[in-house]
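# What the coordinates show
Chain by chain, the residues run as shown.
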Amino acid sequence: MPPKYLYIYTIGCQMNVYDSEHMAMALAPLGYLPARSPGDADLVIVNTCSVRSKAEQKAFSILGRLGDDKRRRPGLIVAVAGCVAQQEGARILARAPHVDLVLGTRAVHRLEGLVRQVESGRRPIVDLEMIDGPEAFEAPPESADRGGVSRFVTIMRGCDNFCAYCVVPHVRGRETSRSPDLILSEIRALVTAGAREVTLLGQNVNSYGAKEGLCSFPELLERVNAVEGLARTRFTTSHPKDLNEGLIRAFARLEKLCPHIHLPVQSGSNRILERMNRRYTRDHYLDNVSKLRNSCPGIAITSDMIVGFPGETQADFEATLDLVREVQFDGLFAFTYSDRPHALSTRFPEKVPVREQSERLQTLLDLQQGITFARNRALTGSVQEVLTEGFSKQQASRGRSKSAQVQWTGRTPGNKVVNFDGSAGPAEDREVRAGQLVSVRIERALAHSLWGVLDGGETAVGRPRREVGHAA
Ligand code: SAM
Ligand code: SF4
């Protein structure tokens, strides 16, 4: 079989990164190898996101460029997957007639068969079928590709929460949890292939297993904690309305569970939270934050925020700024609100003008930048356990030289990026490898990362890993 090449554009969240990895694995039996660029590929998949309108526009702009490629190379196969595929279906073919395959969000495990059909001349194909239930999850591959130190594992799909602004329940379907046995066998395969850290993915991990009568999320974390060879566990996303004592205690109990939680708040105003259908109040959120900090001192907390939601007044926005000052997040993903198909708030009047949205976003980002920097600065002088992922970007671009300083990159338990000099530690500890847990002394804080020097070789999994800052 002559080699064929596959290129995947991945737009959006970690779930799409995970799905893209599985698409590549599903197509390996057909002889597809990874292409270095779309220009070298026989098959290009655009794995799309429709959470915000900008992400959707990006998908259509890539598809436009692929139309030009296809005119030059008519044999090229173009596929669209992910949320825009599910949302737009056959309408994509009207906008981009060069598309051969439209693949919905629950059709990844049918990809191999569908590509076979396209290759044998049947095109275009649109497959949007959504089968619900745990049985609809594909079996994990027996062995995983050697894809790196830190990997994603989907534990649930879809969402039942219907936040007023959100397209996810409409394009990813109802919430469905995957069986713990499938999750664990996938994690073991990843560890055998070299992974040391896994991030468990779901839109609201707190409700894992509830509908299906599987184990609870803290119980699942406990089983993952016992996987031999795994050093770290992370998860995302936890919905503040469902965060419970069991999960809060898990941070104190499970030595592999990293002290970091992404807890999207979306707004600091009760009026807006209610209009968003988030089903918690500002006080409830703040209470969660203090419980987490009491149970796990030094825990890193990050969040998502939407500014310019329909009807958001200056006073509502001030309440958001106020909450950000109070919580002192380690990091914040902030977005301007955009109308999404099927989302309830698309029909809300009182849209905030785009210019005002952008100004509010900038104010919020400026505030958070100062906080992130201050929280990073508080870590200077401390020694952090870092899971080495590979050479830093700078090192990768200049290649490895024996004499020069060798820069590595990795993350702290609190998920902060650390670039460090691997040639500066004690001689016996200088043989750094990707996948190693090393001790790094933090020397400098930057806006989005930390800089340090190697302070010791491989550390043992299981020692306390709190990210306590040096007294400022
Ligand atoms: N399940 C997660 C939760 O409950 O927070 C969030 C998932 S969503 C894919 C990621 C983020 O996108 C949200 O937290 C929200 O901040 C943002 N987002 C979703 N819909 C949006 C919209 N219509 N406009 C702007 N931002 C949006
Ligand atoms: Fe969207 Fe809300 Fe579900 Fe998160 S919880 S995916 S924001 S509907």
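See the structure printed just above.
Summarised in this report is the structure supplied together with it. (Residues numbered from 1 in each chain as written. Chains lettered and ligands numbered in written order. Predicted model: local features only at pLDDT ≥ 70, side-chain atom pairs only at ≥ 80, totals over all residues. Heavy atoms only, no water.)

### Focus on empty space enclosed by the protein
One simple way to see leftover space: roll a probe sized like a water molecule over the atoms. In total, this model carries two cavities of 30 Å³ or more according to the counting rule given. Of the voids in this model, the second largest cavity is the one considered here, and its volume is about 30 Å³. A class-by-class count of the residues in the lining of the second largest cavity yields one nonpolar, one polar and three charged. (1 Å grid on protein atoms, 1.4 Å probe; cavity = no way out; pocket = protein on both sides within 12 Å on 5 of 7 lines; lining within 4 Å. Points joined across faces, edges and corners; volume = space filled by probe spheres on them. Nonpolar A, V, L, I, M, F, W, Y, C, P; charged D, E, K, R; others polar.)

### Remarks on the site of ligand 1
Around ligand 1, a shell composed of 16 residues is seen, among which Arg-52, Gln-203, Gln-266, Asp-304 and Ser-338 lie nearest. Taking Arg-52, its side chain carries an N or O atom lying 2.8 Å from an oxygen atom of ligand 1. In the environment of ligand 1, a nitrogen atom lies 3.0 Å from a nitrogen or oxygen atom belonging to the backbone of Tyr-165. Summarising the interface, the protein chains cover 92% of the accessible area of ligand 1, which totals 570 Å² for the free molecule. Secondary structure elements with two or more residues in the shell around ligand 1: strand 13 (300-307) and strand 14 (331-336). (Near = heavy atom within 4 Å. Polar contact = N/O pair within 3.5 Å; in protein donor to acceptor, adjacent residues only side chain to side chain. Areas by Shrake-Rupley, 256 points an atom, 1.4 Å probe, with all protein chains shown as cover. Helix = DSSP H or I, 4+ residues; strand = E, 2+ residues; numbered from the N terminus.)

### What to know about the sheet that holds strand 10 (residues 197-201)
An order of 7-10-11 is seen for the three strands of this open sheet, with the pairing classed as parallel. Both edges of this open sheet fall to strand 7 (150-154) and strand 11 (232-236), since each of them pairs with a single strand only. Taking each pair of neighbouring strands and ignoring which way they run, the sheet shows an average axis angle of 25 degrees. Looking at chain direction, strand 7 and strand 10 are connected through five bridges and run parallel. By the bridge assignment for strand 10, Val-153 is matched with Leu-200. (Pairing = 2+ DSSP bridges. Axes fitted to C-alpha atoms, helices over the stretch in contact; angles between N-to-C directions.)

### What about the sheet that holds strand 2 (residues 32-34)?
Remark on secondary structure: sheet strands pair via backbone hydrogen bonds, oriented parallel or antiparallel. Ordered by their spatial adjacency, six strands build an open sheet running 2-1-3-4-5-6, and the pairing between neighbours is parallel. Taken across any chain shown, the strands that pair with only one partner, and hence form the sheet edges, are strand 2 and strand 6 (125-127). Between one strand axis and the next, the sheet turns by 20 degrees as a mean value, whatever way the strands run. Alignment of strand 1 (residues 4-10) against strand 3 (residues 43-48), held across five bridges, turns out to be parallel. Bridged to Thr-10 within strand 3 is Asn-47.

### Describing the packing of aromatic side chains
Counting across every chain of the model gives nine aromatic pairs. Residues Phe-217 and Phe-235 carry aromatic rings whose centres are separated by 5.2 Å and whose planes lie at 80 degrees to one another, so their mutual orientation is edge-to-face. Residue Phe-217 is found in helix 8 (residues 217-225), and its partner Phe-235 is found in strand 11; the two are separated by 18 residues along the sequence. The buried category is assigned to Phe-217, whose relative accessible area is 1%. According to the relative accessible area criterion, Phe-235 is buried, its value standing at 5%. When the centroid spacing of 6.1 Å and the interplanar angle of 90 degrees are considered together, the rings of Phe-309 and Phe-348 count as edge-to-face. Taken together, the positions of Phe-309 in the loop between strand 13 and helix 12 (314-327) and Phe-348 in the loop between strand 14 and helix 13 (354-377) put the pair 39 residues apart, joining distant regions of the chain. Aromatic ring contacts, followed pair by pair, group Tyr-165, Phe-309, Tyr-337 and Phe-348 into a single cluster. Sitting over the ring of Phe-335, Arg-52 keeps its end group 3.6 Å from the ring centre. Directly above the ring of Phe-60 sits Arg-95, whose terminal nitrogen or CZ lies 3.6 Å from the centroid. (Phe/Tyr/Trp six-rings, centres within 6.5 Å; stacked < 30°, edge-to-face > 60°. Buried < 20%, exposed > 50% of the residue type's maximum accessible area, 1.4 Å probe, protein only. Lys NZ or Arg CZ within 6 Å of the ring centre and 35° of its normal.)

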